[in-house]
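Take a look at the letters that make up each chain.
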Amino acid sequence: MKYFLFPSLLMIAALLMACGAGHSRLTSIAVSPSSATASSSPQGQVGFTATGTFTDHKSRELHLADGLTWKSSNTVVATIDDTGEATCVSPGSVTITATAPADLQITVSNGVQNTSPKVSGNAMLNCT
């Protein structure tokens, strides 16, 4: 019986940690700058940052290690890399979106995929 109790307690603790018990969850993302303009010829670049606000009303900058991803609404006009650096490639306007999992506590680098709901924030990029 005692050999069964310790592994059971260990598993319960692991499940509670995986569920984010006791941890603040991400509630919103603010992308900065909220609007930017850059040249498409020559190709101009704009660095975007994402700041997350949590259920405990604290906020901090989010990064790739948090599960943060970046997306351009139209890669013909502008592309964006994993660090939030956008490059204008042709004239037009795009929406830049930063997305991260609501429960950052289960974002780990051991191959486990975070399936918690996603939270996103947007900014506009005008390429001239």
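Residues numbered from 1 in each chain as written. Predicted model: local features only at pLDDT ≥ 70, side-chain atom pairs only at ≥ 80, totals over all residues. Heavy atoms only, no water.

A. Summary view of the overall build of the protein chain. From N to C terminus, the protein chain includes one helix and ten strands. The order of α-helices and β-strands along the protein chain, N terminus first, is α-β-β-β-β-β-β-β-β-β-β. The burial tally for the protein chain puts 34% of its 128 residues in the buried class. A fraction of 60% describes how many contacts in the protein chain between residues 6 or more apart in sequence connect residues 24 or more apart. In the form shown here, the protein chain has an accessible surface area of approximately 7800 Å², with 60% of it arising from carbon and sulfur atoms. (Helix = DSSP H or I, 4+ residues; strand = E, 2+ residues; numbered from the N terminus. Buried < 20%, exposed > 50% of the residue type's maximum accessible area, 1.4 Å probe, protein only. Contact = heavy atoms within 4.5 Å. Areas by Shrake-Rupley, 256 points an atom, 1.4 Å probe, with all protein chains shown as cover.)

B. Spatial organisation of the pairing of strand 8 (residues 85–88). Where strand 3 (residues 45–47) meets strand 8, three bridges bridge the pair, whose relative direction is antiparallel. Bridge pairing in strand 8 links valine 46 to alanine 86. As paired strands, strand 7 (residues 78–80) and strand 8 are joined by three bridges and run antiparallel to one another. Considered in strand 8, the bridge of isoleucine 80 is made with alanine 86. The turn linking strand 7 back onto strand 8 is made up of four residues, and glycine 84 within it adopts a positive phi angle of 90°. (Pairing = 2+ DSSP bridges.)

C. Region of interest: the state of the cysteines. Within this structure, the stated rule accounts for one disulfide. Shown here is the disulfide that connects cysteine 88 with cysteine 127, its sulfur atoms set 2.1 Å apart. Since a negative S-S torsion denotes a left-handed disulfide, the cysteine 88-cysteine 127 link at about -70° is left-handed. Of the two residues, cysteine 88 is situated in strand 8 and cysteine 127 in strand 10 (residues 118–127); the sequence distance between them amounts to 39 residues. For the pair formed by cysteine 88 and cysteine 127, the shared burial category is buried. (Disulfide = S-S within 2.5 Å.)

D. Representation of unusual backbone geometry in the model. The peptide bond linking serine 32 to proline 33 adopts the cis configuration, its omega dihedral lying at -5°. Examined against the element boundaries, proline 33 turns out to sit in the loop between strand 1 (26–32) and strand 2 (35–38).

E. Quick peek at the confidence of the model for the protein chain. Mean pLDDT over the protein chain: 84, with 74% of residues reaching 70 or higher. Counting interchain partners and residues more than four positions distant, the pLDDT-below-50 stretch residues 15–20 has six contacts. (pLDDT = per-residue confidence, 0-100.)

F. Structural view of the side chain of serine 90. Take serine 90: it is sitting in the loop between strand 8 and strand 9 (92–101). A relative accessible area of 18% means that serine 90 is categorised as buried.

G. Focus on the pairing of strand 2. Every second residue of strand 2 is oriented toward a common face, the buried set being Ala36 and Ala38 and the non-buried set Ser35 and Thr37. Inspection of the sheet shows strand 2 paired to strand 10 by four bridges, in the parallel sense. By the bridge assignment, alanine 38 is partnered in strand 10 with cysteine 127.

H. How the structure looks around the nonpolar core. Core analysis: the biggest nonpolar cluster contains 27 residues, and Ile29, Phe48, Leu62, Trp70 and Leu125 have the highest contact counts within it. Listing elements by their share of this core, those giving two or more residues are strand 1, strand 2, strand 4 (49–54), strand 7, strand 8, strand 9 and strand 10. When near neighbours in sequence (up to four residues on either side) are disregarded, leucine 125 contacts Ala36, Thr37, Ala38, Val46, Phe48, Ala78, Ala86, Cys88, Gly92, Ser93, Val94 and Ile96. (Core = buried A, V, L, I, M, F, W, Y, C linked by side-chain atoms within 4.5 Å.)

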